Amino acid sequence: QVQLVESGGGLVQAGGSLRLSCAASGRTFSSYTMGWFRQAPGKEREFVATIRWRDGYTYYADSVRVRFTISRDNAKSTVYLQMNSLKPEDTAVYYCAARTNLELTYNYWGQGTQVIVSS
């Protein structure tokens, strides 16, 4: 069973940085794609960034493209989301997700980690 555990959220001032981590277990993830999503209060969950484990291919939402960086550590089976120049509108619960490269939808989700950016 795939397990995803996020950590690293917290309270930060606007302009600050945070690094989120997603520890993945239960599979060999070389054939998986990992994603970060977020959900702000009263809003739908939205895509943030994705990384393909096999070759490190990445893709970002336009709203975070220049400020956030997704990466992976194969040895630790961990995916990171480095968030810089944070804005109050980045406030949300951030979720890690996984899907196989053959699937179109993310079927495995973590419990989420809260990020609050104060102005």
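In the block above lies the structure referred to throughout.
Residues numbered from 1 in each chain as written. Predicted model: local features only at pLDDT ≥ 70, side-chain atom pairs only at ≥ 80, totals over all residues. Heavy atoms only, no water.

## What about the packing of aromatic side chains?
So, step 1. Applying the stated criterion across every chain yields a total of eight aromatic pairs.
So, step 2. For the ring pair Phe37 and Tyr106, a centre distance of 5.1 Å and an interplane angle of 75 degrees mean the geometry is edge-to-face. Placement of Phe37 in strand 4 (residues 32-39) and of Tyr106 in the loop between strand 9 (92-100) and strand 10 (108-109) is noted, with a sequence separation of 69 residues between them. The residues Phe37 and Tyr106 share a single accessibility class, namely buried.
So, step 3. An angle of 25 degrees between the planes, with centres 6.2 Å apart, marks the rings of Phe47 and Tyr59 as stacked. With a gap of 12 residues between them, Phe47 in strand 5 (residues 46-52) and Tyr59 in strand 6 (residues 58-60) connect regions that are remote in the sequence.
So, step 4. In this structure Tyr59 comes out as partly exposed when scored by relative accessible area, which is 41%.
So, step 5. Linked through ring pairs, Phe37, Phe47, Tyr59, Tyr106 and Trp109 together constitute an aromatic cluster.
So, step 6. For the cation-ring pair, Arg65 lies above Tyr59, with the distance from its terminal atom to the ring centre recorded as 5.3 Å. (Phe/Tyr/Trp six-rings, centres within 6.5 Å; stacked < 30°, edge-to-face > 60°. Helix = DSSP H or I, 4+ residues; strand = E, 2+ residues; numbered from the N terminus. Buried < 20%, exposed > 50% of the residue type's maximum accessible area, 1.4 Å probe, protein only. Lys NZ or Arg CZ within 6 Å of the ring centre and 35° of its normal.)

## Re the state of the cysteines
So, step 1. Applying the stated criterion across every chain yields a total of one disulfide.
So, step 2. The side chain of Cys22 participates in a disulfide bridge whose partner is Cys96; the two sulfur atoms lie 2.0 Å from each other. The chirality of the disulfide connecting Cys22 with Cys96 is left-handed, given an S-S dihedral of about -75 degrees. Of the two residues, Cys22 is situated in strand 3 (residues 18-25) and Cys96 in strand 9; the sequence distance between them amounts to 74 residues. Each member of the pair, Cys22 as well as Cys96, carries the same accessibility label: buried. (Disulfide = S-S within 2.5 Å.)

## Quick notes on the pairing of strand 5
So, step 1. The pairing of strand 4 with strand 5 spans six bridges and is antiparallel. Residue pairing in the sheet places Trp36 in a bridge with Ala49 of strand 5.
So, step 2. Hairpin geometry of strand 4 and strand 5 is characterised by an intervening segment of six residues between the two adjacent antiparallel strands and by a positive phi of about 75 degrees at Gly42.
So, step 3. Looking at chain direction, strand 5 and strand 6 are connected through three bridges and run antiparallel. Of the residues in strand 6, the one forming a bridge with Ala49 is Tyr60.
So, step 4. Taking the residues that link successive antiparallel strands as the turn, the strand 5-strand 6 hairpin has five residues, and the phi of Gly56 there is positive, at about 80 degrees. (Pairing = 2+ DSSP bridges.)

## What to know about unusual backbone geometry
So, step 1. Its identity as a non-glycine residue notwithstanding, Ser77 has a phi of 50 degrees, on the positive side.
So, step 2. The topology assignment puts Ser77 in the loop between strand 7 (68-73) and strand 8 (78-83).
So, step 3. With a phi close to 50 degrees, Ser85 is a non-glycine residue in the positive phi region.
So, step 4. Structurally, Ser85 can be placed in the loop between strand 8 and strand 9.
So, step 5. For Ser85, a relative accessible area of 41% corresponds to the partly exposed category.

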